[in-house]
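Inside the fold
Spelled out from the first residue to the last, the chains are:
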Amino acid sequence: MYTIRKYNQEKDIEAARRIWREVQWIDDNSDEKLLDAFLREGRALVADLDGNAECLVTANPGKMKYLSEELPLSVVTSVTTSRIARKQGLAKKLTAQLIAEEAEAGAYLSTLGIFEQGFYDQLGYGTGSYEHWVSFDPADISVESKIRPPIRLGGADSKRIHLALQSRKTQHGGVTLFPEGLVEAELAWTKKGFGLGYADGAKGELTHFFWGSSSGEQGPLIISMLVFQTAEQFIELMALIKSLGDQIRLVKVREPAGIQLQDLIQNPFRSRIVTEKSKFEHINRATAYWQTRICNLEACIGATHLNSKTLRFNLDLSDPLEKLINPVMSWKGCAGEYTVELGSTSQVVSGFDNTLPTLTADIGSFTRLWLGVRPANGLVATGKLCAPKNLIQDLDEVLCLPVPHPDWDY
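For the structure given in this document, a descriptive report is provided here. Since this is a predicted model, take the numbers as computed values, not measurements. Once a new chain begins, its residue numbering starts again from 1 and follows that chain's sequence as written. Only residues with pLDDT of 70 or above have their local features reported here, since the model is predicted, and side-chain atom pairs are shown and tallied only from 80 upward, although totals for entire chains, interfaces and linings are computed over all residues. To obtain the side-chain values, all non-hydrogen atoms of the structure were included, while hydrogens and water were left out.

**Structural notes on the overall build of the protein chain**
Tallying secondary structure elements over the protein chain gives 11 helices and 20 strands in all. Computation of the radius of gyration draws on C-alpha atoms alone. For the globule rule, the value is 2.2 Å times the number of residues to the power 0.38. Against the 2.2 N^0.38 benchmark of 22 Å for 410 residues, the protein chain shows a C-alpha radius of gyration of 23 Å, consistent with a compact globule. Only protein chains enter the calculation, and the probe is 1.4 Å; a residue is then buried if its accessible area is under 20% of its type maximum, exposed if over 50%, and partly exposed in between. Expressed as a percentage of its 410 residues, the buried residues of the protein chain come to 51%. Here, residues are in contact when the closest pair of their heavy atoms is within 4.5 Å. Within the protein chain, residue pairs in contact and separated by at least 24 positions form 73% of the contacts whose partners lie at least 6 positions apart. Of the accessible surface of the protein chain, which amounts to about 19,000 Å², a share of 49% is contributed by carbon and sulfur atoms. Each helix is a run of DSSP H or I of at least 4 residues and each strand a run of E of at least 2, with the numbering of both proceeding from the N terminus. To be clear on the numbers: accessible area is Shrake-Rupley with a 1.4 Å probe, and residue cover counts the displayed protein chains and nothing else.

What follows is the structure in structure tokens.
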């Protein structure tokens, strides 16, 4: 038998270290200290098996941009199970309980990064959009701007980096995590990490920078953070990255939301052919490695303001979490029968209107539709969503949204 309870730093820290060592997320004393700091942030739950904590999940508060709105967000930042507790259903039950507690605390949405597609679908998550990781020779960047000498950034600059992340430019789907300790841990966990950037704020605040690590003298340089507030700052960062091209032969970076990096790279197809299968291969890889689910349907629909005609329909919504969470929780998931109105102002109310067509969906597929990951006609083919043909066409017309990108890996 197992029991689920709140994580206790004093009682559970050694068990937490053991679990993280067994899953190979930490391997030395310095990593353990970072884990200790990481676990002091946000909400953490453990599952006891035979009196010992053998499964640990954590979540941290943040926000997600939805068009022009900022929605309260819970980010599940870790789900870890010890070697002796695998295949007992602990991770699923514990994460379900964590989602419920975060929803009761006010989160409109929950999001996480995935190790493989399928597991978190069981908790109502829907797969996000593709993230493009582009690899290229920095010398091939076509920006001709003259660079200013940048400032160096290291782990000791975590506070100013955190503040820059909070004030960076975000687009639809953009995610911002609030705890400063998460940034401190992320920087410290980066092997051979360094940053370069500019502090152009009114009071000397860091405004735009990149953070990455290089595995050798000639790279590849892997950039994990590319942060800016304006288009001009982005171009300056690209010029700065280009300046490293006399030594670094390859840069790997996640394409920022709203940007097509190929616009700034000379001869991308020729370089791809010439470097194929080499250590410094030029390539654009697309992977969908994050998932999201709605936790507060009324609030998410209420925050939806579209430049479209008004569309009304019934929604028959299922949610696997209703069978997984503790019955004493007041939040029971999002399953139910609703009437939805989408338009310049939007709302959802309980119950069907028998004069309207009905959309049937699970919460993961509906979240993907609402967020703009995929249109209704695509989700009919590959997701758990069905509706009359005319309603599908109307949904495609009304929910014509930008592709969502968190621009923050978690």
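**Here's the deal with the nonpolar core**
Counting 96 residues, the largest nonpolar core has I161, F366, W370 and L395 as its most contacted members. For this core, the element with the highest residue contribution is helix α3 (residues 90-104), accounting for 8 residues. For W370, the residues in contact, after removing those within four places along its chain, are Y66, L71, L109, I294, C300, I301, T304, L399 and L401. Put simply, buried Ala, Val, Leu, Ile, Met, Phe, Trp, Tyr and Cys residues joined by side-chain atoms within 4.5 Å make one nonpolar core. Core analysis: the second largest hydrophobic core is formed by 23 residues, L196, L226, F228 and L237 among them.

**Quick notes on the environment of Y125**
Along the chain, Y125 falls in the loop between β5 (109-113) and β6 (126-127). Between the C-alpha atom of Y125 and that of P320, which follows or precedes it by 195 residues, the distance is 9.7 Å. Leaving out residues up to four positions away in the same chain, Y125 has contacts with V76, I99, S110, T111, L112, Y120, Q291, T292, R293 and G364. Within the local environment of Y125, its side chain forms a polar contact with the side chain of S110, the two groups lying 2.6 Å apart. Counting of polar contacts relies on pairs of N or O atoms within 3.5 Å, with two restrictions inside protein: one atom must be capable of donating a hydrogen and the other of accepting it, and residues adjacent in sequence are counted only when both atoms are side-chain atoms.

Take it as geometry only, folks, not as evidence of what the structure does.
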